[in-house]
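# Analysis of the macromolecular model
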Amino acid sequence: EFVDISAHLRHIAERFEMLTKDRNIDFVKNIPEHAVYVSMDKDKMTQVFDNIVSNAVKYSPDGGIISVQMFTRSQVVDIEITDQGVGIPKESQEKIFDRFYRVDKARARNLGGSGLGLAIAKELVQAHGGDITVDSEWKKGTTISVTLPYTVNEKAGVNE
Ligand code: ATP
Ligand code: MG
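Reading the values: the criteria
- Residues numbered from 1 in each chain as written.
- Chains lettered and ligands numbered in written order.
- Predicted model: local features only at pLDDT ≥ 70, side-chain atom pairs only at ≥ 80, totals over all residues.
- Heavy atoms only, no water.
- Near = heavy atom within 4 Å.
- Polar contact = N/O pair within 3.5 Å; in protein donor to acceptor, adjacent residues only side chain to side chain.
- Areas by Shrake-Rupley, 256 points an atom, 1.4 Å probe, with all protein chains shown as cover.
- Helix = DSSP H or I, 4+ residues; strand = E, 2+ residues; numbered from the N terminus.
- Nonpolar A, V, L, I, M, F, W, Y, C, P; charged D, E, K, R; others polar.
- pLDDT = per-residue confidence, 0-100.
- Donors = N, O, S within 2.8 Å, 3.2 Å for Na, K, Ca; no water.
- Buried < 20%, exposed > 50% of the residue type's maximum accessible area, 1.4 Å probe, protein only.
- Contact = heavy atoms within 4.5 Å.
- Pairing = 2+ DSSP bridges.
- Axes fitted to C-alpha atoms, helices over the stretch in contact; angles between N-to-C directions.

## Points about the site of ligand 1
Taken together, 21 residues sit near ligand 1, with Asn 55, Asp 83, Arg 102, Ser 114 and Leu 118 positioned nearest. Leu 116 is positioned with one of its backbone polar atoms (N or O) 3.0 Å from an oxygen atom of ligand 1. For ligand 1, an oxygen atom lies 3.2 Å from a polar atom in the backbone of Gly 117. Protein contact buries 93% of the 600 Å² of open area that ligand 1 shows by itself. Every element with two or more residues in the shell around ligand 1 is listed here: α2 (42-58) and α5 (117-127). When residues of the shell around ligand 1 are assigned to their parent elements, the largest contribution, 4 residues, is made by α2. In terms of residue class, the shell around ligand 1 is built from 9 nonpolar, 8 polar and 4 charged.

Structure follows, in structure tokens:
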């Protein structure tokens, strides 16, 4: 299934913006205007981005900025979701993609969730031939990056 990931990402960002109006979070979108078609399972990738953006919301202060950015390179699209939230200590960063791992159990309990979201996201992104990485600084914020391959599909006339 070819999905226009620019439009899809914009849609997800706008949906979260609406859902979190009461928290005054500023969603900054830097997403190409033009369509970029990626071969992907739309429901599964929605699950991936929903989890990443909902984490950004969950760990952000009220009034914070969340940016949703997308860049294209040849054959690859990079998507970066950045928040100004609590951040993740360096020693925990590699573990956040493990099943049931949550930084700071007490804090995590208050915020709800099972610690499965990013483990599932990683499996789904890798199943699409992509990768997911974290860059974070404790008390400063977090960036989660998703890289997905895309191919020019001449038959469908996309990505020209
Ligand atoms: P679930 O997604 O299953 O509801 P969860 O959000 O706790 O639960 P993950 O999405 O897998 O689980 O994230 C794992 C842990 O990584 C989180 O509990 C949190 O400690 C940390 N984490 C993830 N995203 C962020 C973020 N944007 N800022 C700070 N910490 C984060
Ligand atoms: Mg989560």
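This is not the end of the story, as more comes after the structure.
## A word on the confidence of the model for the protein
Overall, the prediction assigns the protein a mean pLDDT of 92, with 91% of residues at 70 or greater. The secondary-structure element of the protein with the lowest mean pLDDT is helix α4 (residues 105-111), recorded at 68, while strand β5 (residues 76-83) shows the highest, at 98. At the level of chain-chain contacts, confidence expressed as ipTM amounts to 0.98, with global pTM at 0.94.

## What about the coordination of the magnesium ion (ligand 2)?
Protein coordination at the magnesium ion (ligand 2): the donors are Asn 51 (OD1) and Asn 55 (OD1), at 2.2 to 2.3 Å from the metal. Of this pair, Asn 51 and Asn 55 both sit in helix α2, 4 residues apart, which is roughly one turn of that helix. The exposure classification of Asn 51 matches that of Asn 55, with both residues buried.

## A word on the environment of Lys 140
Within the element layout of this structure, Lys 140 appears in the loop between β6 (131-137) and β7 (141-149). Considering only alpha carbons, one finds Lys 140 and Ile 52, 88 residues apart in sequence, at a separation of 17 Å. With residues near it in sequence (within four places) discarded, Lys 140 still touches Asp 83, Gln 84, Gly 85 and Val 86.

## Some thoughts on the sheet that holds β7
Reading across the sheet, the 5 strands line up as β2-β4-β5-β7-β6 and stay open at both edges, with mixed pairing between neighbours. Every interior strand has two partners, whereas the edge strands, β2 (26-30) and β6, have only one. Each strand of the sheet is rotated relative to its neighbour by a mean of 15°, with strand direction disregarded. Across 7 bridges, strand β4 (residues 65-73) lies against β5 in antiparallel orientation. Bridging across to β5, Gln 69 finds its partner in Glu 80. This element, α2, spans β2, β4, β5, β6 and β7 of the sheet and lies at about 25° to β5. Against the sheet, α5 engages β6 and β7, with an angle of about 140° to β6.

## Quick word on the pairing of β5
In summary, the side chains of a regular strand alternate between the two faces of the sheet. Extensive coverage of β5 is indicated by the burial of 6 of its 8 residues. Here β4 hands over to β5 after 2 residues, with Gln 75 in that stretch at a positive phi of 70°.

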